[in-house]
Amino acid sequence: MSEKAQIGVTGLAVMGRNLARNFARHGHTVALHNRSYGRTKELVEEFGHEGKFIPSESAADFVASLERPRRVVIMVKAGGPTDAVIDEFAPLLEPGDMLIDAGNAHYLDTRRREAALKEKGLHFVGAGVSGGEEGALHGPSIMPGGPKESYDALGPLLEDISAKVDGEPCCVHVGPDGAGHFVKMVHNGIEYADMQLIAEAYDLLRQVGGHQPAEIAEIFKGWNEGRLGSYLIEITAEVLKQVDASSGKPFVDVVQDQAEQKGTGRWTVQAALDLGVPVSGIAESVFARALSGGADVRKAAADAGLPGPSPSAGAHGGDLQADVEQALFASKIVAYAQGFQQIQAASKEYDWEIDPGAMAKIWRAGCIIRAKFLDYIKQAYDKQPTLSTLLVDDYFLDAVSGAQDAWRRVVATAAQQGIPAPGFASALAYYDGLRAKRLPAALIQGQRDFFGAHTYRRVDKEGSFHTLWATDDRTEVEA
Ligand code: 6PG
């Protein structure tokens, strides 16, 4: 075979196909492989004119069609199918070759795979790719992990096909082994939180504001021009203005109100629990989806007629629209602050040395959570790379200070009107928890010491102490 391919893609369902096309459109020769050859043929027939493709029916021919070091992008379902593809390709590859898993893999799987392949001299790169089908084709945000040296040979190609902001690629080497997939996972966790907050804003505008979906679409369109400007706000306006063709009703009224999930939000929360990072905004959004999907429990509650207020339009004391915008922005800041804190905690735990500012930078375009305010997050970490929380950066501090009264009014209205707003409420509770001079955690320490002699530390001297609760005089002893 004369010409060799710079990169290969195996797994040609829509994401893999679009990534392959994107590489080809950027002038790279792309080797193609799929479990069933039909898909490979289809791609070449439909899009062969877009660039240079080398289709192969067998894994061996596919590998042989690649220049060295080989770069093989795997785009199959996360979990077992990824392991199966690795098992198929690893024996065909040679030291220095790269396997790039571009799916939404769990970062612990990525760590395991990277360690196993390293023993064979192969580079395994877990790369987070965000932006859906369109992003894969026109420029996604790419979060590659894996060994640094693999980035030298791989990075330029990924940067080529990634989204750009002022010519700068939305792709950077995130860190070793599972760092890329970890960051992509947190990206999705933040995505869940953002979507939940937007949904709560809509619900309040509808139930308390008395607005119809088409009017709320206009409100979101307006917000998209301001500091909330983001892909998710933009598509929310589109979804809200959609009218169902068969019934003539707003689209949002004919869709079942049960949010589904593929699991990356849940993984984010599970990982956060292990790291001890309070990602309450992400957790609330995962639980809110679970609650919405719990049809049996919701039916039982409806049948029992759980009492509570019925929302009434106009019940908010203040400018609802302006207040909800403030609550949304402040809560969103909290969710991002929590997500970034989780990335920093994992980076420390696994020695990944992730640059949080670089993550904000590569999320500015291409990905689902792309938003104007990521520029400010980037600036905050550029100024202070070890920032403990985004909330103390000047820009965000100003924003949450300014949102104070409105945020509290919105949470109070939601509670009084019986409208669930777990995202807004938990974000505010987190904020108040952070700024509290004294938390009731001291009482919890007392309870723990009482029933389990778990000891406590004092505010006025060093050491650990235990009170002999069972004795009459309840003396304190040093533990
Ligand atoms: C992205 C998206 C993508 C996917 C979500 C959907 O960054 O391009 O996050 O990865 O659409 O995982 O997640 P759920 O099905 O769990 O909502």
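Residues numbered from 1 in each chain as written. Predicted model: local features only at pLDDT ≥ 70, side-chain atom pairs only at ≥ 80, totals over all residues. Heavy atoms only, no water.

**Q** I'd like a rundown of the packing of helix H8 (residues 179-207) against helix H12 (residues 264-275), residues and numbers included.
**A** Relative orientation of the contacting elements H8 and H12 amounts to 110°, with a least axis distance of 8 Å. With respect to each other, H8 and H12 are oriented roughly perpendicular. Crossing geometry of H8 relative to H12 is assigned as left-handed. On the side of H8, the interface is formed by Phe182, Met185, Val186, Asn188, Gly189 and Tyr192, while H12 contributes Thr264, Gly265, Trp267, Thr268, Ala271 and Leu275. (Axes fitted to C-alpha atoms, helices over the stretch in contact; angles between N-to-C directions. Helix = DSSP H or I, 4+ residues; strand = E, 2+ residues; numbered from the N terminus. Parallel < 35°, antiparallel > 145°, perpendicular 65-115°, else oblique. Left-handed = near helix turned anticlockwise from the far one by under 90°. Contact = heavy atoms within 4.5 Å.)

**Q** Any details on a nonpolar patch on the surface? Residues and values, ideally.
**A** Where nonpolar side chains cluster on the molecular surface, the patch consists of Val239, Phe251, Val254 and Val255 and spans about 280 Å² of accessible area. Of note, Val239 is situated in helix H10 (residues 231-241). By relative accessible area, Val239 is classed as partly exposed at 37%. (Patch = residues over 30% accessible without salt bridge, like charges linked within 9 Å, V, L, I, M, F, W, Y side chains within 5 Å. Areas by Shrake-Rupley, 256 points an atom, 1.4 Å probe, with all protein chains shown as cover. Salt bridge = Lys/Arg side-chain N within 4 Å of Asp/Glu carboxyl O. Buried < 20%, exposed > 50% of the residue type's maximum accessible area, 1.4 Å probe, protein only.)

**Q** Pulling in residues and values, what's your account of the site of the ligand?
**A** As a structural note, the neighbourhood of the ligand is formed by 15 residues, with Ser130, Glu191, Tyr192, Lys262 and Arg289 the closest of them. Taking Asn188, its side chain carries an N or O atom lying 3.0 Å from an oxygen atom of the ligand. Relative to its free-state accessible area of 420 Å², the ligand is covered by the protein chains to the extent of 80%. No other element matches the five residues that H8 contributes to the shell around the ligand. (Near = heavy atom within 4 Å. Polar contact = N/O pair within 3.5 Å; in protein donor to acceptor, adjacent residues only side chain to side chain.)

**Q** Can you lay out the UniProt feature "binding site: substrate" (unreviewed entry) in the chain for me, pointing to particular residues and giving the numbers?
**A** If you check UniProt for "binding site: substrate" (unreviewed entry), the listed places come out as Asn104, Ser130, Gly131, Gly132, His187, Asn188, Tyr192, Lys262, Arg289, Arg448 and His454 in our numbering. Sequence-wise these annotated residues cover 351 residues; spatially they are dispersed, their C-alpha atoms as much as 48.8 Å apart. By the element assignment, Asn188 lies in helix H8. The class for Asn188 is buried, based on a relative accessible area of 6%. In this structure, Asn188 is in contact with Asn104 and Thr264, ignoring residues within four places of it in sequence. Counting through the fold element by element, Lys262 comes out in the loop between helix H11 (251-254) and H12. On the basis of relative accessible area, Lys262 is assigned to the exposed category, the value being 84%. (UniProt positions renumbered as here; feature names shortened; annotations may be inferred.)

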